[in-house]
Amino acid sequence: MPSHDRVVQRTATVEQRVDAIQAALDARGLNATGAVEDLSHLAQEEWTSKNGARVVARAWVDPAFRERLLANGREAVAEIGLSLPRHHRHLIVLENTATVQNVICCTLCSCTAFTIIGLPPDWYKDLEYRSRVVRESRTVLRELGLDLSPEVEIRVWDTTADTRYMVLPTRPPETVEWPEDRLAEIVTRDSMIGVARL
Ligand SMILES: [Fe+2]
């Protein structure tokens, strides 16, 4: 057996190492287990695309809110009780139109405005998406089920650590009489990433 195989066999798995660090922190009274549970709750229950859906629905029914949202996303979402981590210094809201489709990505890793649009799906973190959506966005969108006509301009936005984006999708024409809460139900995570239209 080559020597590196023996090294691999002696190395604990990631799960075992995480458990060991957690136990060591707990033993020193730092309550790592509680912190992990809190984070897990936030990720699964609080940081969901339902937040962004509320933002979009409000922007659709309230033109003044829409203006404030486009001018300063971070301040506008705070009006409806939503917040971003401190290091997400800017929330830039990109408005789609009939002829413009905005798409977001993070070419370096997986940054998103996760407290607003939810944690990124696996494909968003995949090197395939991160590299190809920049170079051949129309093809990638088609592969993801969004076949845009040639006259629609595609704008790809690369997230950074302190500047996060969300896409404001166009409102489907058949929803013209709908109340805000019903509108929020049709807004999807993918439409706020920009890989789907509603
Ligand atoms: Fe990133």
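Relevant structure appears above.
Described in the following lines is the structure provided in the data block. (Residues numbered from 1 in each chain as written. Predicted model: local features only at pLDDT ≥ 70, side-chain atom pairs only at ≥ 80, totals over all residues. Heavy atoms only, no water.)

1. Some thoughts on the overall build of the protein
And step 1. Secondary structure summary: the protein contains 12 helices and four strands in total.
And step 2. Dimensions of the protein, computed from the C-alpha atoms along their principal axes, are close to 65 × 40 × 25 Å.
And step 3. Split into buried and exposed, the 198 residues of the protein put 37% on the buried side.
And step 4. Sequence-distant contacts, at least 24 apart, represent 68% of the contacts inside the protein between residues at least 6 apart. (Helix = DSSP H or I, 4+ residues; strand = E, 2+ residues; numbered from the N terminus. Buried < 20%, exposed > 50% of the residue type's maximum accessible area, 1.4 Å probe, protein only. Contact = heavy atoms within 4.5 Å.)

2. Considering the coordination of the iron ion
And step 1. Bound to the iron ion on the protein side are Cys 106 (SG), Cys 109 (SG), Cys 111 (N) and Cys 111 (SG), at distances that span 2.1 to 2.8 Å.
And step 2. Around the iron ion sit four donor atoms, and with donor-metal-donor angles ranging over 77 to 125 degrees the site reads as irregular.
And step 3. In primary sequence terms, the donor set of the iron ion follows C-x2-C-x1-C.
And step 4. Owing to a relative accessible area of 13%, Cys 111 belongs among the buried residues under this scheme. (Donors = N, O, S within 2.8 Å, 3.2 Å for Na, K, Ca; no water. Tetrahedral: all angles 85-135°; square planar, octahedral: opposite > 155°, others 65-115°.)

3. Considering the packing of helix α2 (residues 14–27) against helix α3 (residues 32–46)
And step 1. It is the contact of α2 with α3, at a shortest axis distance of 7 Å, that shows an interaxial angle of 120 degrees. Looking at the two axes, α2 sits oblique to α3. Contact with α2, carried on its side by Gln 22, Leu 25 and Asp 26, involves Ala 32, Thr 33 and Val 36 of α3 and no other residues of that element.
And step 2. Residue composition of the contact of α2 with α3, by class: three nonpolar, two polar and one charged. (Axes fitted to C-alpha atoms, helices over the stretch in contact; angles between N-to-C directions. Parallel < 35°, antiparallel > 145°, perpendicular 65-115°, else oblique. Nonpolar A, V, L, I, M, F, W, Y, C, P; charged D, E, K, R; others polar.)

4. So, the pattern of salt bridges
And step 1. Summed over all chains, the structure comprises 12 salt bridges.
And step 2. Here Arg 89 ties to Asp 162 by a salt bridge, and the two come within 2.9 Å at their closest N and O atoms. A residue pair is termed long-range when its members are at least 10 positions apart, and Arg 89 in the loop between α6 (73–79) and β1 (90–95) and Asp 162 in the loop between β3 (153–158) and β4 (163–168) qualify at 73 residues.
And step 3. Put simply, Glu 128, Arg 132, Glu 136 and Glu 143 are held in one network by salt bridges that share partners. (Salt bridge = Lys/Arg side-chain N within 4 Å of Asp/Glu carboxyl O.)

5. Notes on the pairing of strand β2 (residues 100–105)
And step 1. Counting buried positions along β2 gives six out of six residues, so the element sits mostly inside the fold.
And step 2. Burial along β2 is two-sided: Val 100, Asn 102 and Ile 104 facing one way and Gln 101, Val 103 and Cys 105 facing the other are all buried.
And step 3. The sheet contact formed by β2 and β3 spans six bridges and is parallel. In the sheet register, Val 100 faces β3, and the bridge partner there is Glu 153. (Pairing = 2+ DSSP bridges.)

6. Let's talk about the environment of Gln 44
And step 1. Among the structural elements, Gln 44 can be located in helix α3.
And step 2. In this structure the C-alpha to C-alpha distance between Gln 44 and Leu 119, which are 75 residues apart in sequence, comes to 8.8 Å.

7. Details of the nonpolar core
And step 1. Judged by nonpolar contacts, the single largest core of 43 residues is most densely connected at Val 55, Ile 116, Tyr 129 and Met 166.
And step 2. For Tyr 129, the residues in contact, after removing those within four places along its chain, are Val 103, Ile 104, Cys 105, Trp 123, Tyr 124, Val 140, Leu 144, Ile 193 and Val 195. (Core = buried A, V, L, I, M, F, W, Y, C linked by side-chain atoms within 4.5 Å.)

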